[in-house]
Amino acid sequence: MSVQAKRRADYLPPAFSIATVDLHITLHPTNTRVISTLSIKRQGSHTDPLVLDGDNLPVNSLKINGSAISDDSNEAQFYELTESSLTLYCELDAFELTIETTISPENNKALEGLYLSGGAYCTQCEAEGFRRITFFMDRPDVLSVYTVTVVGDKSIPMLLSNGNPVEKGELPDNQHFVKWHDPHPKPCYLFALVAGDFDLLCDTFTTKSGKDVALELYVDKGKKAQGDFALASLKRAMKWDEDVFGLEYDLDIYMIVAVDFFNMGAMENKGLNVFNSKFVLADQNSATDDDFFNVESVIAHEYFHNWTGNRVTCRDWFQLSLKEGLTVFRDQQFSADMTSALSNRIKHVRVMREHQFAEDSSAMSHPIRPEEVIEMNNFYTVTVYDKGAEVIRMFHTLLGADGFRKGMDEYFKRHDGQAVTCDDFVSAMQSASKLDLTQFSRWYSQSGTPTVTVKQNVEQDVHTFTLSQYTAPTADQAEKLDLYIPINIELIDSNGNHYTDNEGVIRDGMLILNEPSITFTVNAPEKTLIPVILGNFSAPVKVENALDTLSLLTIFTHARDPFNRWDALQTLYDRCIKQLESAPGSAISDAIWDGIKQAIKHEKHNVELLGECLVIPSFETLCQTRTGVKVGELARARDAFCRQFSKALKSELLDVFNGIARVPYNYEQTAVNQRRCKNVVLAHLARLPEHENLVVEHFENADNMTDTLGALKSAQYSSKATFDKLMTTFESKWNHDPLVLDKWFALHATQPSEDIFATITMLCEHPQFTMGNPNRVRAVIGSFAFYNSEKFHAVDGSGYKYVTDYLLKLDAINPQVASRIVTPLTQWQGFAQEHQVLMKQQLGRLLNHKGLSKDVFEKVSKSLAYDKH
Ligand code: TRP
Ligand code: ZN
């Protein structure tokens with residue numbers, strides 16, 4: 001395969017500008033005509049030809065200033081067409097270029113460019129999809145003002161594009177048109193077009209300066225009642241961005257369209273967001289508390305992009321975290337304000353530990369600002385998004401909320417309307433900070449997860465603490481530099497008294513680890529001191545802190561930082577599971593169970609923290625604190641721990657369960673916390689056969705999807721007969737609703753049952769399943785590969801083979817989704833040799849496959865090449 005990697009270091013500014021784009025698009029399922037008129041200007045003094053991207057597009061006609069040009073190279077002006085580009089030899093410095101091309105939305109199964117979702121036309125251009133619609137300089141630093149005329153059959157009543165509608169009318173042959181104008185110059189990845197017959201929800205928002213904005217939400221016919229929550233969330237997000245960042249919306253109309261076929265979560269196209277319907281539609285019967293949470297956070301995320309992404313965009317795709325890390329941070333802050341800071345923080349730390357740490361130790365390891373890319377779609381990663389957000393959070397921690405706001409104001413003052421770099425962001429932040437951010441900015445260029453190690457030494461009542469940092473070499477980078485790491489720290493004794501250091505390296509509870517190691521001392525005669533590190537997960541690092549059980553329980557009882565308290569129990573559980581790995585069949589000590597009983601008693605009235613504390617680290621999280629994982633052994637140890645947990649704590653768990661009264665459903669934080677805690681506890685109780693009826697009752701009495709799903713998850717530990725019976729009841733009730741059915745698909749796919757492949761095959765043949773819909777594929781195949789670790793990693797290699805067989809078929813229609821699902825297969829480094837061999841065998845099959853997409857090729861080839869190091 002001939003694929004060329006692009007490097008960040010090779011950036012060159014565009015050779016031409018395109019100030020205006022006039023698009024005239026006549027929709028047809030297989031024969032959509034796109035006429036594009038561009039005003040081109042040469043930049044600087046050079047004689048290079050104009051090179052436009054175009055992905056397998058025909059040139060029907062091409063005109064310069066109105067005169068037709070051909071591909072005859074004997075002419076003074078001519079063009080050259082390849083599979084991926086159109087080169088125009090023309091010596092003019094400024095001219096108008098008109099190109100007509102034709103595309104086939106109906107045959108576009110990759111869901112990139114213009115495609116049909118259900119019956120509706122829609123577009124997805126980020127990152128490089130615009131080149132599948134028309135010829136253009138498809139790069140984010142070419143900003144243009146767009147005027148778009150959408151022409152379609154009258155059977156398609158709604159014809160939408162970015163900005164404001166400026167004209168509409170009837171045309172011959174039963175056609176009509178709407179013309180749109182977007183006054184804000186934008187890169188082509190923010191272009192959007194949607195055409196179809198939708199139900200429409202309307203609302204308005206008045207900005208703080210008194211401008212009325214029309215809000216329009218387009219959903220599938222009959223789904224109107226499921227749109228209210230999204231619309232209300234949008235208004236909350238608009239208000240929050242005004243209150244917290246002083247940022248107002250800048251057009252007269254804000255449209256959101258929900259579609260069923262979508263590769264990702266949602267897309268922030270200027271004034272016309274397109275959403276995966278799963279992040280819009282929600283009502284009490286069909287949506288869980290998590291669904292409501294996700295809808296609100298994705299709605300906010302895309303809205304916040306209007307400033308961080310659209311008004312100020314990226315110079316090139318290596319800078320993706322400039323908009324994504326920042327916007328994720330903003331949506332996290334918003335969610336924390338709307339719901340709860342603690343449960344949000346825990347949620348995001350789980351994502352880091354489960355997925356980002358895994359990526360950072362794999363062959364795909366990359367800094368939040370990558371250096372080298374083959375397929376850009378592969379870099380919409382947990383590293384760029386979530387670690388990127390952690391880096392922004394550290395700015396926020398270091399500068400304080402006010403300093404951060406000052407830095408943001410400066411960023412917009414300097415760069416509104418521009419396409420900029422991460423360095424530009426850092427330098428705006430620097431202007432608002434007294435700190436020197438030079439070393440801090442290494443977080444942008446260095447990949448890998450640092451480990452912070454705590455060492456303690458006592459001599460004559462003087463405690464000496466040493467914190468050191470180490471980042472292991474990664475697949476992409478052999479040399480690592482010292483990072484600037486903000487570490488929230490508390491020092492407590494066994495009674496919970498707090499201490500501070502003699503040297504004053506700890507300030508306001510924070511220590512900056514900016515050298516290989518830092519040492520400080522504390523005077524505490526006749527005391528045991530416990531270092532409590534990384535409060536609120538103040539940096540995206542791993543911690544090694546050798547604390548005994550008693551110290552962990554002391555942290556739980558006495559630390560001020562609630563995140564540390566939660567984390568102490570997570571560490572304790574991890575320890576217990578390690579014991580059961582090295583001594584299978586051994587018993588966890590009563591001292592530990594007594595400690596956890598105390599903890600439950602202590603937090604009886606704080607169901608939010610209690611619920612989170614009773615969650616055992618996931619299998620995937622446990623993998624990150626181990627090497628050479630033997631999946632069967634770890635899974636058995638985790639299982640054994642969970643069973644002992646249920647037995648030892650049975651009466652406490654039952655008390656918690658029965659102590660939370662059932663109240664009529666509402667999506668309100670207190671009720672959310674209660675349901676969460678209750679369902680977590682139920683899953684523990686379900687491990688004991690005598691509680692099967694409790695699970696069934698919970699299922700039968702549920703008046704909301706959160707409890708229904710909680711019961712079904714618990715039933716995964718019940719007898720097969722009960723699980724099957726509840727699942728069948730659920731399926732017949734929700735058969736008509738694919739978004740709900742996805743939950744059912746995922747539950748089946750994550751069941752570690754003996755006949756899992758028969759089950760998955762049955763799911764793939766379900767009338768609601770289609771390989772063309774990414775939500776279905778993720779629910780079945782994605783859930784299996786990511787979360788059915790026991791069966792995916794079966795030592796006979798059957799799980800790896802099943803997924804690979806599937807990916808070979810999927811890759812031919814949707815490479816982007818295939819490339820995401822291949823991830824677990826590429827992360828073989830953490831597993832024992834017996835797994836590695838089998839995983840690489842399947843990676844080899846993929847690599848040898850003729851016609852493999854460059855998406856999958858990039859990940860698979862990197863993964864196999866890493867082996868040779
Ligand atoms: N920019 C989108 C976001 O809000 C991400 C996105 C949506 C995307 N669709 C995509 C990225 C397709 C790549 C390809 O995060
Ligand atoms: Zn985003």
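As the structure is a computational prediction, the values presented were derived from the model and not from experiment. (Residues numbered from 1 in each chain as written. Chains lettered and ligands numbered in written order. Predicted model: local features only at pLDDT ≥ 70, side-chain atom pairs only at ≥ 80, totals over all residues. Heavy atoms only, no water.)

Another point: the sheet that holds strand 32 (residues 542-545). Sheet strands pair by backbone hydrogen bonding; their relative direction is either parallel or antiparallel. Within the open sheet, the four strands sit side by side as 30-26-25-32. Their pairing is mixed. Lying at the two open borders of the sheet, with one neighbouring strand each, are strand 30 (517-523) and strand 32. For this sheet, the mean inter-axis angle between neighbouring strands, taken without regard to orientation, is 20 degrees. Sheet analysis places strand 25 (residues 451-459) next to strand 26 (residues 462-470), joined by nine bridges and oriented antiparallel. Bridging across to strand 26, glutamate 459 finds its partner in valine 462. (Pairing = 2+ DSSP bridges. Helix = DSSP H or I, 4+ residues; strand = E, 2+ residues; numbered from the N terminus. Axes fitted to C-alpha atoms, helices over the stretch in contact; angles between N-to-C directions.)

As a further point, take the site of ligand 1. Lining the immediate environment of ligand 1, one finds 15 residues, of which Glu126, Ala266, Glu268, Glu302 and Tyr385 sit closest. Measuring from a nitrogen atom of ligand 1, one finds a side-chain N or O atom of glutamate 268 at 2.7 Å. Burial of ligand 1 by the surrounding chains reaches 97%, relative to a free accessible area of 370 Å². Those elements that place two or more of their residues in the shell around ligand 1 are strand 20 (266-267), helix 2 (289-304) and helix 3 (320-338). Among the residues making up the shell around ligand 1, the classes are represented as five nonpolar, five polar and five charged. (Near = heavy atom within 4 Å. Polar contact = N/O pair within 3.5 Å; in protein donor to acceptor, adjacent residues only side chain to side chain. Areas by Shrake-Rupley, 256 points an atom, 1.4 Å probe, with all protein chains shown as cover. Nonpolar A, V, L, I, M, F, W, Y, C, P; charged D, E, K, R; others polar.)

The next thing to look at is the pairing of strand 9 (residues 94-103). When you tally the buried positions in strand 9, you get seven out of ten residues, the bulk of the element. Pairing geometry for strand 3 (residues 32-42) and strand 9, over ten bridges, is antiparallel. Looking across to strand 9, one finds that serine 39 is bridged to glutamate 96. Of the strand pairs in this sheet, strand 5 (residues 61-64) and strand 9 are connected by four bridges, and their pairing is antiparallel. Paired with isoleucine 64 across the strands is leucine 97, a residue of strand 9. (Buried < 20%, exposed > 50% of the residue type's maximum accessible area, 1.4 Å probe, protein only.)

Attention now moves to the coordination of the zinc ion (ligand 2). Every protein donor of the zinc ion (ligand 2) is accounted for by His301 (NE2), His305 (NE2), Glu324 (OE) and Glu324 (OE), and the metal-donor separations fall at 1.9 to 2.7 Å. Coordination at the zinc ion (ligand 2) is irregular: its six donor atoms span angles of 48 to 161 degrees at the metal. Mapped onto the sequence, the donors of the zinc ion (ligand 2) take the spacing H-x3-H-x18-E. (Donors = N, O, S within 2.8 Å, 3.2 Å for Na, K, Ca; no water. Tetrahedral: all angles 85-135°; square planar, octahedral: opposite > 155°, others 65-115°.)

It is worth spelling out the sheet that holds strand 20 at this point. Here five strands make up an open sheet; going across it, the order is 17-18-19-21-20 and the pairing mixed. A single partner strand is all that each edge strand has here, and the edge strands are strand 17 (199-206) and strand 20. Sheet topology places strand 19 (residues 253-259) next to strand 21 (residues 272-276); five bridges connect them, and they run parallel. Residue pairing in the sheet places methionine 255 in a bridge with leucine 272 of strand 21. Along the sheet face, helix 1 (residues 228-245) touches strand 17, strand 18 (212-219) and strand 19 and points at about 20 degrees away from the line of strand 17. (Contact = heavy atoms within 4.5 Å.)

Okay, the pattern of salt bridges next. Pairing is possible between side chains of opposite charge, provided their charged atoms come close. According to the stated counting rule, one finds 49 salt bridges in the structure shown. Taking the shortest distance from any N to any O, the salt bridge between aspartate 360 and lysine 387 comes out at 3.5 Å. Here the residue aspartate 360 occupies a position in helix 4 (residues 341-360), and lysine 387 occupies one in helix 5 (residues 382-415), the gap between them amounting to 27 residues. Grouping residues by exposure puts aspartate 360 and lysine 387 together as buried. Aspartate 742 is the partner of arginine 776 in a salt bridge, and the nearest nitrogen-oxygen pair spans 2.6 Å. In this pair, arginine 776 sits in helix 21 (residues 774-787) while aspartate 742 sits in helix 19 (residues 738-749), placing the two residues 34 residues apart along the sequence. In this structure arginine 776 comes out as buried when scored by relative accessible area, which is 6%. For aspartate 742, a relative accessible area of 10% translates into the label buried. In the salt-bridge network here, residues are joined through shared partners; they are Lys6, Asp53, Glu128, Arg131 and Asp138. (Salt bridge = Lys/Arg side-chain N within 4 Å of Asp/Glu carboxyl O.)

To continue, consider the domain arrangement of the protein chain. Taken as a whole, the protein chain is organised into domain 1 (1-197), domain 2 (313-445), domain 3 (451-546) and domain 4 (735-869). Centre-to-centre, using C-alpha coordinates, domain 1 lies 55 Å away from domain 3. (Domains from an automatic or database assignment.)

Looking now at the packing of aromatic side chains. Enumeration according to the criterion identifies 44 aromatic pairs in this entry. An angle of 70 degrees between the planes, with centres 4.8 Å apart, marks the rings of tyrosine 189 and tryptophan 317 as edge-to-face. Of this pair, tyrosine 189 sits in the loop between strand 15 (175-186) and strand 16 (193-196) while tryptophan 317 is found in the loop between strand 22 (313-314) and helix 3, placing the two residues 128 residues apart along the sequence. Judged by centre distance (5.7 Å) and plane angle (20 degrees), the ring pair of tryptophan 593 and phenylalanine 641 falls under stacked. Of this pair, tryptophan 593 sits in helix 10 (residues 590-602) while phenylalanine 641 sits in helix 13 (residues 631-648); the two residues are 48 residues apart in sequence, bridging distant segments of the chain. Chaining the aromatic ring pairs together yields one cluster made of Trp240, Phe245, Tyr249, Tyr254, Tyr303, Phe304, Phe329, Phe334 and Phe404. Here the basic side chain of arginine 330 rests over the ring of phenylalanine 245, its NZ or CZ set 5.1 Å away from the ring centre. Taking the ring centre of phenylalanine 657 as reference, the NZ or CZ of lysine 678 above it sits at 4.8 Å. (Phe/Tyr/Trp six-rings, centres within 6.5 Å; stacked < 30°, edge-to-face > 60°. Lys NZ or Arg CZ within 6 Å of the ring centre and 35° of its normal.)

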